[in-house]
Amino acid sequence: MTRILVVEDNADSREILTLELEAEGYEVCAVGDGLSAVEAAAQFHPDVIVMDISLPNLDGLEATRRIKAQPALARVPVIALTAHAMTEDEARFRAAGCDAYLAKPASPEAVQRVVQQLLSHPDRSHQAS
């Protein structure tokens, strides 16, 4: 079963996304801050990470850097989920290790579509909106 780590500080958004992904057959671990994301990634070993960028305790970019610095997690695709989707932001996301990004508000269907794209083509980066 494909494992997805959802990192989102908004409890309602985190719950909706978790329920939608579980309904599609994914095993989901959901956390609400960047430090928890780093810990959960090491323990849960996800196949994909959906990472909010604006997080408490540790922002999503630094959490992504720390996750990608772990050899066992370095190739796990990360989807940045952010309200900051300007052209110059893409370079920051990519530099931190994000493989794709979605602008908020992103529908659960859009997240599922990018997850499926990354799983079927793991060496390709994606931009979505």
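An account of the accompanying structure is given in this report. (Residues numbered from 1 in each chain as written. Predicted model: local features only at pLDDT ≥ 70, side-chain atom pairs only at ≥ 80, totals over all residues. Heavy atoms only, no water.)

### Structural notes on the nonpolar core
Put simply, the rule is: Here, nonpolar core refers to any group of buried Ala, Val, Leu, Ile, Met, Phe, Trp, Tyr and Cys residues whose side-chain atoms link them within 4.5 Å. For the exposure calls, accessible area comes from a 1.4 Å probe over protein chains only, and a residue counts as buried if that area is under 20% of its type's maximum, exposed if over 50%, partly exposed in between. Only runs of H or I of at least four residues qualify as helices and only runs of E of at least two qualify as strands under DSSP, and these elements are numbered from the N terminus. Throughout, a contact is declared for two residues whenever any of their heavy atoms are within 4.5 Å.
Leu5, Val7, Ile49, Met51, Ile67 and Phe93 are the most contacted members of the largest nonpolar core, which totals 24 residues. Where this core is concerned, the elements lending two or more residues are strand S1 (3-7), helix H2 (34-44), strand S3 (48-52), helix H3 (60-68), strand S4 (78-82) and helix H4 (87-96). With five residues, H2 is the single largest residue contributor to this core. Not counting residues up to four positions away in its chain, the partners in contact with Met51 are Val7, Ala37, Gly60, Ala63, Thr64, Ile67, Val78, Ile79, Ala80 and Leu81.

### So, unusual backbone geometry
Note: most peptide bonds trans; most residues except glycine with negative phi. Omega for the bond connecting Lys104 with Pro105 falls within 30 degrees of zero, at -5°, which places this linkage in the cis form. Mapped onto the elements, Pro105 comes out in the loop between strand S5 (100-103) and helix H5 (108-120). For His45, which is not a glycine, the phi torsion comes out positive at approximately 50°. Within the fold, His45 resides in the loop between H2 and S3.

### A short note on the packing of helix H1 (residues 11-23) against H5
Using the following cut-off: Axes here refer to lines fitted to C-alpha atoms; in helices the fit is confined to the stretch in contact. Angles between the N-to-C directions go from 0 to 180 degrees. Oblique is the label for any angle not under 35 degrees, not over 145, and not in the 65 to 115 range, which are roughly parallel, roughly antiparallel and roughly perpendicular in turn. Each crossing is labelled by how the near helix is turned from the far one, with a counterclockwise turn of less than a right angle marking it left-handed and a clockwise turn marking it right-handed. Here the nonpolar group is Ala, Val, Leu, Ile, Met, Phe, Trp, Tyr, Cys and Pro; Asp, Glu, Lys and Arg are the charged ones; every other residue, Gly included, is treated as polar.
One way to put it is that H1 packs onto H5 with a least axis distance of 10 Å and a crossing angle of 55°. Considering their axes alone, H1 and H5 lie oblique with respect to each other. Both H1 and H5 take part in a crossing whose hand is right-handed. Contact residues: Ile16, Leu17, Glu20 and Leu21 in H1; Pro108, Glu109, Val111 and Gln112 in H5. Residue composition of the contact of H1 with H5, grouped by class: five nonpolar, one polar and two charged.

### Considerations on the packing of aromatic side chains
Short version of the rule: Working definition: a ring pair exists when centres of Phe, Tyr or Trp rings (six-membered ring for Trp) sit within 6.5 Å. Plane angles under 30 degrees give stacked, over 60 give edge-to-face, the rest tilted. Two thresholds decide whether a charge sits over a ring: the Lys NZ or Arg CZ must be within 6 Å of the ring centre and within 35 degrees of the ring normal.
For the coordinates displayed, the defined rule picks out one aromatic pair. One Lys or Arg, Arg3, reaches over the ring of Phe44 and ends 4.5 Å from the middle of that ring.

### As for H1
We apply this condition: Expected span of a helix: the number of residues minus one, times 1.5 Å. Along the arc lie the directions from the helix axis toward the C-beta atoms. Here a polar contact is taken to be a pair of N or O atoms separated by no more than 3.5 Å, where protein atoms must pair a possible hydrogen donor with a possible acceptor and residues adjacent in sequence count only if both atoms sit in side chains.
Here H1 spans 18 Å end to end across 13 residues, near enough to the 18 Å set by a 1.5 Å rise per residue. What H1 keeps buried is the set Leu17, Thr18 and Leu21. Projected down its long axis, H1 shows its buried positions confined to an angular sector of 100°, all on one face. Across from the buried face of H1, at angles greater than 90 degrees, the exposed residues are Asp12 and Ala23. In this fold, the buried residues of H1 make contact with S1, strand S2 (27-31), S3, S4 and H5. Capping the start of H1 is the job of one residue whose side-chain oxygen sits 3.1 Å from the backbone nitrogen of Asp12: Asn10. Looking one or two residues beyond H1, the residue adopting positive phi is Gly25, at roughly 95°.

### Quick notes on the environment of Arg65
Mapped onto the secondary structure, Arg65 falls in helix H3. Once the C-alpha coordinates of Arg65 and Cys98 are considered, the two residues, 33 residues apart in sequence, prove to be 8.8 Å apart.

### Topic: the packing of H2 against H3
Contact pair H2 / H3: the axes reach a minimum separation of 9 Å and the direction vectors enclose 20°. As far as their axial angle goes, H3 and H2 are roughly parallel. As H2 packs across H3, the resulting crossing turns out to be right-handed. From H2, Gly34, Leu35, Ala37, Val38 and Ala41 reach across to H3, where they touch Ala63, Arg66 and Ile67.

As far as function goes, none of this settles anything; it's purely spatial.
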